[in-house]
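# Structure assessment
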Amino acid sequence: MNSDEILRRISELKEEKNAVILAHNYARAEVQDIADLVGDSFALSQAAVDLDADMIVFAGVHFMAESAYILSPQKTVLLPDADAGCPMADMVTAEALREAKKRYPNAAVVCYVNSSAAVKAESDVCCTSANAKEVVAAIEEDEILFIPDKNLGHYISTLTDKKIHFWNGFCPIHQQITEFDVTAAKAKHPSAVFLAHPECRPEVLARADGVFSTAGIIKYAAASDEKEFLIGTEQEMLHKLMKDSPDKSFYSVSKYSYCASMKMAALPAVLNALETETTKIMVPEDIRVKAKKALDRMLAAVPK
Ligand code: 13P
Ligand code: SF4
């Protein structure tokens, strides 16, 4: 099948099955271009609830599809490649979290959405990079165990007086962006504004002009009067940045910022998912109900 035939068949099946395609900002450019919504983790999880569809094809990674199912179990949620995992999400298990909770009995567990359903089920509230500051401010407790991203946790600790205990998790793609990369990129593009994702190391964020979720970076760049931007996050972001702001220039701070898991939802895999429905994401009901409480608390903490 050539790509035109694949696209035609995807569109037929979408209509037949009342399906939507949700794509993360790191998804392949050609998949973003046919998606019903392209966004950050927060926008996509809200869309999973709000969209009137029977089926969601999630061009993202496992935890995103799982969150969509947790919030909207009446919909069929498909991840085009079931192996598309997030290495950071695998850096905390429910068992390890239960042990840590014994060490910090007074701390509320704030769980970055990049985590499994079982871990969310053990947590008090979830957050994404778009709302972590508001979620931390909204909870009663002054002591927090922030899992699993130590970099996002550290960034939030600079914005609150609350005591935050960090977990030793990180995103390998953001962790490999170094301060040296920032120095080199700034030397090459001295007038560029540097926008970074909070999964970057503290010393990289300290050099940033703005720290935002993926959608926040796109929004900031589109609204800005500046013309050149250095981007400290996954490189596929440049696709939407250039599409939304064709008059501006964008440069990746590191040429190694590539999330392979995010590329697994290629067009043939999207078609296969729609055709066969063999890559359904589901969560056992007892875990789903507990995990949903943590996600619902997040959604309630931030205005729509
Ligand atoms: P956003 O929520 O900012 O889109 O980030 C998700 C992610 O996985 C970043 O690595
Ligand atoms: Fe996970 Fe990092 Fe890929 Fe985001 S970019 S999905 S945090 S590995």
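Here we summarise the structure given alongside this text. (Residues numbered from 1 in each chain as written. Chains lettered and ligands numbered in written order. Predicted model: local features only at pLDDT ≥ 70, side-chain atom pairs only at ≥ 80, totals over all residues. Heavy atoms only, no water.)

### Details of the overall build of the chain
Each helix and strand counted, the chain has 15 helices and 12 strands in total. Summarising its shape, the C-alpha atoms of the chain cover approximately 55 × 50 × 30 Å along the three principal directions. For the chain, with 304 residues in total, the buried portion stands at 55%. Sequence separation of 24 or more characterises 62% of the internal contacts of the chain that already satisfy a separation of 6 or more. Accessible surface, the chain as shown: approximately 13,200 Å² in total, 50% of it carbon and sulfur. (Helix = DSSP H or I, 4+ residues; strand = E, 2+ residues; numbered from the N terminus. Buried < 20%, exposed > 50% of the residue type's maximum accessible area, 1.4 Å probe, protein only. Contact = heavy atoms within 4.5 Å. Areas by Shrake-Rupley, 256 points an atom, 1.4 Å probe, with all protein chains shown as cover.)

### So, the site of ligand 1
Near ligand 1, the surroundings consist of H24, Y26, D40, S41, N114, S129, H174, H197, E199, S213 and T214. Within the side chain of S41, one N or O atom sits 2.8 Å away from an oxygen atom of ligand 1. Here ligand 1 has 310 Å² of accessible area as a free molecule, and 96% of this is covered by the chains. For the shell around ligand 1, the class distribution of residues is one nonpolar, eight polar and two charged. (Near = heavy atom within 4 Å. Polar contact = N/O pair within 3.5 Å; in protein donor to acceptor, adjacent residues only side chain to side chain. Nonpolar A, V, L, I, M, F, W, Y, C, P; charged D, E, K, R; others polar.)

### Examining the sheet that holds strand β3 (residues 55-59)
Strand order in the open sheet made by the four strands is β2-β1-β3-β4, with parallel pairing throughout. Whereas interior strands pair on both sides, the edge strands pair on one side only; in this sheet they are β2 (37-39) and β4 (76-78). Across the sheet, the mean angle separating the axes of adjacent strands is 20° when strand polarity is ignored. Across three bridges, the pairing between β3 and β4 is parallel. (Pairing = 2+ DSSP bridges. Axes fitted to C-alpha atoms, helices over the stretch in contact; angles between N-to-C directions.)

### Quick look at the sheet that holds strand β10 (residues 210-211)
Spatial ordering of the open sheet is given by β10-β9-β11-β12, a layout of four strands whose pairing is parallel. At either end of the open sheet lies a strand with only one pairing partner, and these are β10 and β12 (249-252). Two strands pair when backbone bridges link them, and strand β11 (residues 228-232) and β12 are joined in this way by four bridges, in the parallel orientation. What sits directly across from E228, in β12, is S249. On top of the sheet, helix α13 (residues 237-244) reaches β11 and β12; it is set at about 170° to β12, its chief contact.

### Describing the packing of aromatic side chains
Counted under the stated rule, the structure contains two aromatic pairs. Here the aromatic rings of F229 and F250 are separated by 5.4 Å at their centres, their planes lie at 20°, and the arrangement is stacked. One end of the pair, F229, is in strand β11; the other, F250, is in strand β12, with 21 residues separating them in the sequence. In terms of burial, F229 and F250 fall into one category: buried. (Phe/Tyr/Trp six-rings, centres within 6.5 Å; stacked < 30°, edge-to-face > 60°.)

### A closer look at the pairing of β3
Most of β3 sits out of view: five of its five residues are buried. Neither face of β3 is open: one carries M55, V57 and A59, the other I56 and F58, and all of them are buried. Across five bridges, the pairing between strand β1 (residues 19-24) and β3 is parallel. What sits directly across from V20, in β3, is I56. Crossover connection from β3 via helix α4 (residues 62-71) to parallel β4: handedness right-handed. (Right-handed = clockwise from strand over helix to strand, strands pointing away.)

### Points about the site of ligand 2
Contacts to ligand 2 come from Y26, V61, C86, P87, M88, N114, C171, I173, E199, C259 and M262. Residue classes in the shell around ligand 2 are distributed as nine nonpolar, one polar and one charged.

### What about the nonpolar core?
Ranked by internal contacts, the top residues of the largest apolar core, which has 64 residues, are F58, V110, I231 and L241. For this core, the element with the highest residue contribution is α4, accounting for seven residues. Formed by 20 residues, the second largest nonpolar core is a distinct cluster that contains V31, L78, V270 and A273. (Core = buried A, V, L, I, M, F, W, Y, C linked by side-chain atoms within 4.5 Å.)

### Topic: helix α1 (residues 3-17)
Helix length check: α1, at 15 residues, gives a terminal C-alpha distance of 21 Å against a target of 21 Å (1.5 Å per residue), a fit within 8%. For α1, the full list of buried residues reads I6, I10, L13, K14 and K17. Projected down its long axis, α1 carries its buried residues within an arc of 105°, all on one side. For α1, the exposed residues set more than 90 degrees away from the buried face come down to D4, E15 and E16. Here the buried face of α1 lies against β1, β3 and α14 (267-276). N-cap assignment for α1: the residue whose side-chain oxygen lies 3.1 Å from the backbone N of D4 is N2. Looking at the residues trailing α1, positive phi occurs at N18, about 50°. (Expected span 1.5 Å × (residues − 1). Arc of directions from axis to C-beta.)

Note that all results are geometric; they support no functional claim without further evidence.
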